[in-house]
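# Coordinates in review
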Amino acid sequence: MKQPSTDGFTLLELSIVLVVISLITASIVVGRDLIRLAEIRQQIAQIESFNTVANTFRVKYNCLPGDCASAVELGFGAIGGPGDNGNGDGKIHSSEAVGTICISAESINFWYHLAQAKMLNAVGDFQGYAPGTPFPDNYPGILTPHLILKSRSLIANSWSNPKGGLIVINLLEFDRDPMCGGLVNFSALHDERARNFWFFTTTMETLASAPGVWLPETAYAMDVKIDDGMPRMGNMRSISGKLSAWNVDGCVDKTVTPYEYAITRTDVTLANYANLLCAPIIATTF
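A brief report on the enclosed structure follows. (Residues numbered from 1 in each chain as written. Predicted model: local features only at pLDDT ≥ 70, side-chain atom pairs only at ≥ 80, totals over all residues. Heavy atoms only, no water.)

### Some remarks on the pairing of strand E8 (residues 278–283)
Here E8 lies mainly inside the structure; six of its six residues are buried. Two strands pair when backbone bridges link them, and strand E4 (residues 196–201) and E8 are joined in this way by three bridges, in the antiparallel orientation. Within E8, the residue paired with Phe197 across the bridge is Ala283. Sheet topology places strand E5 (residues 236–240) next to E8; five bridges connect them, and they run antiparallel. When the sheet's bridge partners are listed, Ser238 is paired in E8 with Pro280. (Buried < 20%, exposed > 50% of the residue type's maximum accessible area, 1.4 Å probe, protein only. Helix = DSSP H or I, 4+ residues; strand = E, 2+ residues; numbered from the N terminus. Pairing = 2+ DSSP bridges.)

### Brief notes about the state of the cysteines
Counted under the stated rule, the structure contains two disulfides. The disulfide partner of Cys63 is Cys68, and the S-S distance across this bridge is 2.1 Å. Handedness here is read from the sign of the S-S torsion; for Cys63 and Cys68, about -65°, the answer is left-handed. On the basis of relative accessible area, Cys68 is assigned to the buried category, the value being 0%. Two residues share a disulfide in this structure: Cys251 and Cys278, whose sulfurs sit 2.0 Å from each other. An S-S torsion of about 95° defines the bridge between Cys251 and Cys278 as right-handed. (Disulfide = S-S within 2.5 Å.)

### Some points on the side chain of Asn51
Along the chain, Asn51 falls in helix H1 (residues 11–61). At 3.1 Å, the side chain of Asn51 forms a polar contact with the side chain of Trp198. In contact with Asn51, not counting residues within four places along its chain, are Trp198, Thr284, Thr285 and Phe286. (Polar contact = N/O pair within 3.5 Å; in protein donor to acceptor, adjacent residues only side chain to side chain. Contact = heavy atoms within 4.5 Å.)

### Considering the sheet that holds E5
Strand order in the open sheet formed by four strands is E3-E4-E8-E5, and the pairing between neighbours is antiparallel. Sheet topology places strand E3 (165–170) and E5 at the edges, where each strand pairs with a single neighbour. Adjacent strand axes in the sheet meet at a mean angle of 25°, parallel and antiparallel pairs treated alike. On top of the sheet, helix H2 (residues 105–116) reaches E3 and E4; it is set at about 120° to E3, its chief contact. Packing of helix H4 (residues 216–226) onto the sheet brings it into contact with E5 and E8, and relative to E5 it is tilted by some 165°. (Axes fitted to C-alpha atoms, helices over the stretch in contact; angles between N-to-C directions.)

### Re H2
Between its first and last C-alpha atoms H2 spans 16 Å; for 12 residues at 1.5 Å apiece the expected length is 16 Å, and the two agree. The element H2 is extensively covered by neighbouring structure, given that 11 of its 12 residues are classed as buried. Looking at H2, one finds that the buried residues are Ala105, Glu106, Ser107, Ile108, Asn109, Phe110, Trp111, Tyr112, His113, Leu114 and Ala115. Two residues or fewer after H2 comes Lys118, characterised by a positive phi angle close to 60°. (Expected span 1.5 Å × (residues − 1).)

Right under this line is the structure:
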């Protein structure tokens, strides 16, 4: 008489398989989080290194890169061309903007002067501002591009540089500039607007309407590491990614006091994605 087949998994074997699958899944999640934290630390290190370089430039040449009134004399630029003199007021901003995009000549020349002074690893890779030239997209980018978008395909076609970039701006002068002040009012964002700030933003032509680059959870993770984890307090603050709607709920959760990053939002759609993204600003040390 043929014995019944005993092929198949026992309950113990199935349990072992499930445990193994769970361990593999957990290791993937842990590994992903470790990579994410390492990239955030790398981003922090980048900011710290740029602060150091800018301060070194100021000590050596008695002016800030981009703002340096003697840049041409020092051999860092040309009159009316790339790297032209700034106004020397200690604020990275000038009334001369690039086309319809309110990023000043000094902000662009900031990187150019550092490169010409051989204070960046890559020398000569950064465009300086010259009248009539297009908005450059090759200044230092954010180091964690794949942390920006959950689904890059949502808005990838709108970006000229999907990584985004790091721009230095003076909030007070930005607000005062007739060309810039109508785009976003930073006056309610920071009480020390006379300082220079790092502005994490896109390099797309629609910068004026949607500069956000980080999802709230990424901005929050960065804020916790270098500041207080609050989007409207301390040295790091964030605005909604869509400047035309920057004061509405998006990157920032305004249903609680004090405001928090909207890290629990799940209603991410093409229609609201630009508003959900954060555009962080971080106070410089110069």
